[in-house]
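# Summary of structural features
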Amino acid sequence: MKTFNIGGVHPEENKLSAGSPIREVQLPKQAVFSMFQHIGAPANPVVQKGDVVKVGTLLGEAGGFVSAPVYSSVSGKVSKVEPVLDASGTRRMAVIVDVEGDDWEESIDRSTDLVKLSDCPKLDSKTIIEKIKAAGIVGMGGATFPTHVKLCPPPGKVAECVIVNAVECEPYLTADHRLMLEHAEEILVGLQLVMKAVNVTKGYIGIEKNKPDAIALMTEKAKQYPEIEIVPLKVKYPQGGEKQLIDAVIGRQVPAPPALPIDTGAIVQNVGTIFAIYQAVMKNKPLIDRIITVTGKSVKQPSNLLARLGTPFSQLIEECGGLPEDTGKVIGGGPMMGKALLNTDIPMTKGSSGLLIMRQDEAKRAEVEPCIRCAKCVGACPMGLEPYLLAKVSEQKDWEVAEREDIVSCIECGSCQFTCPSHRPLLDYIRLGKSTVMGIIRSRAAK
Amino acid sequence: MNLILLAVIALGAIGLTAALLLYFASRKFAVHEDERIGQVSAVLPQANCGGCGFPGCAGFAGACVKAADKGSLEGLLCPVGGQPVMEQVAGILGMAVEASAPKVAVVRCNGSCENRPRLVSYDGAQSCKVQQMTGMGETGCPYGCLGCGDCVEACQFDAIRINPETMLPEVDEEKCTACGACSKACPRQIIEIRLKGPKGRRMVVLCNNKDKGAIANKACKASCIGCGKCVKTCEKFEAITLENNLAYIDAEKCKLCRKCEEACPKGAIHAFNFPPRKPKAEEIPNVEPQKAEQ
């Protein structure tokens, strides 16, 4: 069975909610739509206080090419347009809507009938990409990079295949797993749409073998599409990293930056994104909801929820039995790459793949001890870097060495910190170094 | 015998040629350094702190000599040595130096544990810069001190330390040389290098919060809410400006009348090094809460 070649770790899987079917969450009383739900330029609000909006009404238009529009996921009245605390930990511009009823824009097809690619012979590559762009779809694995940008390779680069990231290597999270079990057909059509958009004839879906039911179902359903191949993968973190997945599935390595994954001829899309693409192209539905896993050892009812964007996290937690008393941390995302939230009133966004509630004893970081030069972090780094060195030089602000040691290649997966027996905050410092070095490189390029 | 003589002659000839080569090479490639650079360097404090904006004391000495050749030492100041050192430098270079007012580092945040409640706890790497990347920090104020002590680490003169009670950095004015290392180390630009003022007396807005009044007020008891009362009291001197919901006192225009301190409903304006006031001191705390409610 395939997997990527360098490094990797095996955190406890803890897929507590794998058996829980997707449940729809009630509408919130008030929905908050951040204009910063993606990487790139923020969206610009196009509504004002007092405007009446429906489900699917445009709230913010894309602020540039690398940007995405934001749509309302509820109907009601705009009560405020002002900065709100979001998952990044800062206050940023958002549109707040007071919910009244559940009125949908008429252009959206709300039926659940499967529309196959063969039913729409007129669809061409340009239309598909335009629709994806207009629907505000971004990478839903958590990176939130605008999808239409990824589907337009820079001049001179040619796509050869599409790889669907259905690995879900983060412990605890099961949103993608449930999505595959419940919407397998739609995902396959979605993948065909992406393949058509970038004009390739080969599609892969990479699934880790800890989801045997999903592998079996997808393989069964994919039999009717000979151009799609299901690739079972060995379980290893961070297989869901774009570069690791390309290595695992087609055995090609992405060169160091500034090279892009497209240099290997592969376009990688998360399975959640693929489903959103299907809905956008075939059903005219902009990105207004997503599946999110709410889980944790102390949570009464770990679940996979279908929630409208803008719903406060507190409501999702209530849906799963409320916030346990001994909660130490609430993490947006998975335990490896997620970020602890400042409070639970923060609204969910396009990139919210999970909500992990940790007990106080789990959440506490162990005491930091001196580095014992065991080089476990070096062995674990999936990018072949030397995390102990990068962390040290970042701490000492020696940016030249950090750059020479390729700190910008770091994918911030956290394998080094996970594996460190001295519990050193390696990634904390590497992140600092990476952002500083990237700033230095940018300012040098600007000159 | 013949053999020994031959060897001595041969070696002597090689040695002579090499010596000649070296002699001419050293003449040809000699680096002529202005001797004044060395002299200026000698009077500098040799702290190599970079506070002057040049790479170390030698770099500053070079810059001084270059500036002197152009005719003026304006804009060059060794913050560590201050006026006496600059006079010596000017003496060596045969220039006159204008008097510059002494400066000091000021921490523009009064968000002590009492004023600014901790909402969450941060347990990552103990560095302000790392904590800054996670967003708001431990309190509700995205502009206030993070308290990990990057400024303490940056100070070469042991002039700044974290007060364990307030968890805020405090500047030792005697030791501070205003080199600006702490100011550069602070990811939130809280520390300002300000004029020290006559007898060290100065008025400073001890807040860096640029949020709107209601949000700033909620985050911290001692925050500037941008109400503009201080600006009005200072209409005569126009020393106070309000930008981005934050008042700023221009030290050069400030006449040290302390009226703004009384006007501030939040107590965000502080008077440094003034003798204690006798009659009014007790009244002020009673007035404050009422004004804050308005």
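Reading the values: the criteria
Residues numbered from 1 in each chain as written. Chains lettered and ligands numbered in written order. Predicted model: local features only at pLDDT ≥ 70, side-chain atom pairs only at ≥ 80, totals over all residues. Pairing = 2+ DSSP bridges. Helix = DSSP H or I, 4+ residues; strand = E, 2+ residues; numbered from the N terminus. Contact = placed C-beta atoms within 7 Å. Nonpolar A, V, L, I, M, F, W, Y, C, P; charged D, E, K, R; others polar. Domains from an automatic or database assignment. pLDDT = per-residue confidence, 0-100. Axes fitted to C-alpha atoms, helices over the stretch in contact; angles between N-to-C directions. Parallel < 35°, antiparallel > 145°, perpendicular 65-115°, else oblique. Left-handed = near helix turned anticlockwise from the far one by under 90°.

## Here's the deal with the pairing of strand E5 (residues 58–61) of chain A
- Direction of pairing for strand E3 (residues 44–45) of chain A relative to E5 of chain A: antiparallel, over a ladder of 2 bridges. Across the sheet, the residue bridging to Asn44 of chain A is Glu61 of chain A, located in E5 of chain A.

## Focus: the interface of chain B and chain A
- Of the residues lining the interface, 12 residues belong to chain B; the matching set on chain A comes to 13 residues.
- Along the lines of polarity and charge, the residues of the side of chain B that touches chain A split into 7 nonpolar, 3 polar and 2 charged.

## Examining the domain arrangement of chain B
- Examined at the domain level, chain B breaks down into domain 1 (36–93) and domain 2 (103–293).
- The gap between the C-alpha centroids of domain 1 of chain B and domain 2 of chain B is 32 Å.

## Quick word on the confidence of the model for chain B
All names here are of chain B.
- Chain-level pLDDT for chain B is 86 on average; 94% of the residues reach the 70-or-more range.
- Looking at the elements of chain B, mean pLDDT is at its lowest for helix H11 (residues 283–293), recorded as 44, and at its highest for helix H1 (residues 2–28), recorded as 95.
- Contacts from residues 281–294, a stretch scored under 50 in pLDDT, to residues over four places away or in other chains number 7 contacts.
- Scored by ipTM, the complex comes to 0.85, with pTM at 0.84.

## Description of the sheet that holds strand E9 (residues 161–165) of chain A
Residue and element names in this part refer to chain A.
- Read from one edge of the open sheet, 4 strands run E11-E10-E9-E12, paired in parallel fashion. At either margin of the open sheet sits one strand with a lone partner, and together these are strand E11 (228–233) and strand E12 (266–270). Strand-to-strand twist in this sheet, taken as the mean axis angle between neighbours without regard to direction, amounts to 25 degrees.
- The sheet contact formed by E9 and E12 spans 5 bridges and is parallel.

## Some details on the packing of helix H2 (residues 35–43) of chain B against helix H4 (residues 82–93) of chain B
Residues and elements named next belong to chain B.
- Contact geometry of H2 with H4 gives a least axis separation of 9 Å together with a crossing angle of 160 degrees. Relative to H4, the element H2 is oriented roughly antiparallel. Here H2 and H4 pass one another in a crossing that is right-handed. Listed contacts from H4 to Arg36, Gln39, Val40 and Val43 of H2 are Val85, Gln88, Val89, Ile92 and Leu93.

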